[in-house]
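So you can see what is in the structure, the chains are spelled out below.
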Amino acid sequence: MSSWGKKVIIGVMLTMILGCEKQETVQPQLDAQGKTMGTFYHVKVVGSYPGGQAALQQQVDALLKHYNDEISTYDKNSALSKFNQFQSTEPFAISQDLADLLICGLRTGEQTGGLLDMTVGPLVNLWGFGPDKRPIKIPSDEQIEKARERVGINKVHVEVSSNHALVRKDQPDVYVDLSTFGEGFGADKVAALLEANGVHNYLVEIAGASRSRGVNAKGQSWRLAIQKPTDEIADVQAIIQPDGRAVSTSGSYRNYYELDGKRFSHVIDPRTGKPITHKLVSATVITPTALEADALDTALMVMGPEKALSFANEQHLPVYLVVKTEKGFEARYSDSFKPYLVQ
Ligand code: FAD
């Protein structure tokens with residue numbers, strides 16, 4: 001399935017779950033939706049918005065376009081692409097927003113022992129999951145080693161002061177890829193826009209990352225579905241009530257391709273330089289911001305089922321995993337996830 005195809009599914013699922021409830025609408029709802037960051041977004045606002053539906057749509061579109069133009073590696077003119085093209089180890093001036101993203105990447109990388117690695121882009125591209133074309137042959141060990149020489153979070157340094165933000169790389173050919181948590185960052189920024197406009201009941205989804213607050217149009221707390229890792233969009237694995245916290249899911253079951261009879265996931269293990277091969281098929285994380293959740297879910301996918309669960313329990317992180325077994329799929333979750341599950 002294309003990256004566009006896989007992303008629509010989460011939005012459809014949420015709408016379904018919310019639509020299943022009894023029709024007792026008490027408040028009007030405004031919707032904004034569209035394409036961004038190679039995927040889809042959907043915003044629901046309960047009540048009113050200054051300037052109405054048209055203003056909501058226009059402002060969310062403009063905001064997401066602004067961040068896409070800043071952080072996309074698919075756009076050669078973005079600020080991040082310009083840094084990637086800057087073949088020098090001299091400091092490079094960036095915006096405060098880009099600095100915040102890079103700092104989150106470095107912090108989560110450290111927290112996860114380098115498994116979340118925003119410099120993994122050369123390997124992502126080599127395996128055909130970035131802006132470069134998909135390979136027609138499995139990359140050789142030599143190609144993988146060559147790409148790995150450019151990878152490592154310790155090769156990127158960010159410096160922020162009251163009047164500037166700078167980033168510097170240790171090697172001129174280091175390449176930063178923020179695809180893994182750009183959507184979460186976007187969801188946080190849309191949530192901030194809504195809050196600044198006096199909206200306190202909303203749901204924002206960009207691909208697998210969401211922010212919600214308050215209640216839906218029926219006056220009920222927002223509920224979200226974690227999907228079963230199948231091709232059927234209607235299959236629900238679990239229903240959760242995030243109570244104002246952000247949720248993000250990463251999965252290896254929709255973004256993959258097959259070559260020479262083998263299946264290759266888009267999640268790369270920086271330790272091997274290769275796509276993951278274990279049985280963890282999806283990881284859902286709940287944190288205060290969508291940026292944090294979207295960064296952590298990919299690292300959990302790299303860890304695999306056992307390590308991901310022990311990491312979550314050690315860090316008191318609400319995490320829900322779906323693991324492939326001989327009999328089908330099995331759910332495993334950390335102790336702190338339980339209060340969010342709707343029985
Ligand atoms: P997640 O699990 O959240 O992230 C997985 C992705 O992270 C992989 O695809 C890879 O890029 C990267 N990754 C893999 N392993 C690691 C690791 N160990 N550490 C860190 N990162 C890792 N796609 C398009 O097809 N066209 C576009 O124009 C386009 N524009 C984009 C613009 C922006 C600003 C962003 C943020 C993304 C864009 N994308 C685009 C990418 C796409 O929409 C998704 O971000 C991507 O497919 C992965 O998102 P996910 O939520 O499916 O997976």
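### Topic: the packing of aromatic side chains
Then step 1. Enumeration according to the criterion identifies 8 aromatic pairs in this entry.
Then step 2. Judged by centre distance (5.3 Å) and plane angle (45 degrees), the ring pair of Y320 and F337 falls under tilted. With a gap of 17 residues between them, Y320 in strand β16 (residues 319–325) and F337 in the segment after β17 (328–333) connect regions that are remote in the sequence.
Then step 3. When its relative accessible area of 4% is taken as the criterion, Y320 is described as buried.
Then step 4. Judged by its relative accessible area of 0%, F337 falls in the buried class.
Then step 5. A cation sits over an aromatic face here: K169 above F83, 4.4 Å from the ring centre.

### A few points about the pairing of strand β10 (residues 246–251)
Then step 1. For β10, the tally of buried residues reaches 5 of 6 residues, placing the bulk of the element in the interior.
Then step 2. Pairing geometry for strand β7 (residues 209–213) and β10, over 2 bridges, is antiparallel. Paired with S210 across the strands is V247, a residue of β10.
Then step 3. Pairing of β10 with strand β15 (residues 280–287), which is carried by 6 bridges, proceeds in the antiparallel orientation. Paired with T249 across the strands is T284, a residue of β15.

### Remarks on the environment of S221
Then step 1. With respect to the helices, strands and loops of the structure, S221 is situated in the loop between β7 and β8 (224–227).
Then step 2. Judged by its relative accessible area of 28%, S221 is partly exposed.
Then step 3. Separated by 23 residues in sequence, S221 and G244 have C-alpha atoms that sit 9.0 Å apart.
Then step 4. Ignoring any residue separated from it by four or fewer positions in sequence, one finds S221 in contact with G214, V215, Q241 and D243.

### A few points about the sheet that holds strand β5 (residues 165–169)
Then step 1. Pairing is antiparallel in the open sheet, where 3 strands are placed in the order β3-β5-β4. Single-partner strands in this sheet number two, and they are β3 (92–94) and β4 (156–160). Between one strand axis and the next, the sheet turns by 30 degrees as a mean value, whatever way the strands run.
Then step 2. Relative to β5, β4 runs antiparallel, the two sharing 5 bridges. Considered in β5, the bridge of V160 is made with A165.
Then step 3. This element, helix α4 (residues 96–111), spans β3, β4 and β5 of the sheet and lies at about 130 degrees to β4.

### Looking at the packing of α4 against helix α7 (residues 179–196)
Then step 1. Two numbers describe how α4 lies on α7: the axes approach to 11 Å, and their chain directions differ by 130 degrees. Classified by the interaxial angle, the pair formed by α4 and α7 is oblique. In this structure, the crossing between α4 and α7 has a hand that is right-handed. Contact residues: α4 offers D97, L101 and G105, while α7 offers F181, F185 and K189.

### Regarding the domain arrangement of the protein chain
Then step 1. Entries for the protein chain in the domain assignment read domain 1 (4–71 + 181–340) and domain 2 (79–169).
Then step 2. Its C-alpha centre places domain 1 at a distance of 23 Å from the equivalent point of domain 2.
Then step 3. Each partner contributes residues to the interface: domain 1 has 32 residues there, and domain 2 has 28 residues.
Then step 4. In total, about 2700 Å² of surface goes out of reach between domain 1 and domain 2, with carbon and sulfur atoms giving 71% of it.
Then step 5. It is E70, Y257 and P270 in domain 1 that bury the most area against domain 2; as a group they hold 23% of the surface buried on that side.
Then step 6. Across the domain 1-domain 2 interface, the total number found is 1 salt bridge.
Then step 7. When the shortest N-O distance is used, the salt bridge between D97 and K189 registers 2.9 Å.
Then step 8. Here domain 1 and domain 2 share 9 residue pairs in polar contact (both at pLDDT 80 or more) between them.
Then step 9. Mapped onto the side of domain 1 that touches domain 2, the elements with two or more residues apiece are α2 (52–71), α7, β11 (256–259), β12 (262–265), β13 (268–269), β14 (274–275) and α8 (290–303).

Rules used throughout
Residues numbered from 1 in each chain as written. Predicted model: local features only at pLDDT ≥ 70, side-chain atom pairs only at ≥ 80, totals over all residues. Heavy atoms only, no water. Phe/Tyr/Trp six-rings, centres within 6.5 Å; stacked < 30°, edge-to-face > 60°. Helix = DSSP H or I, 4+ residues; strand = E, 2+ residues; numbered from the N terminus. Buried < 20%, exposed > 50% of the residue type's maximum accessible area, 1.4 Å probe, protein only. Lys NZ or Arg CZ within 6 Å of the ring centre and 35° of its normal. Pairing = 2+ DSSP bridges. Contact = heavy atoms within 4.5 Å. Axes fitted to C-alpha atoms, helices over the stretch in contact; angles between N-to-C directions. Parallel < 35°, antiparallel > 145°, perpendicular 65-115°, else oblique. Left-handed = near helix turned anticlockwise from the far one by under 90°. Domains from an automatic or database assignment. Buried area = accessible area lost by both parts, 1.4 Å probe. Salt bridge = Lys/Arg side-chain N within 4 Å of Asp/Glu carboxyl O. Polar contact = N/O pair within 3.5 Å; in protein donor to acceptor, adjacent residues only side chain to side chain.

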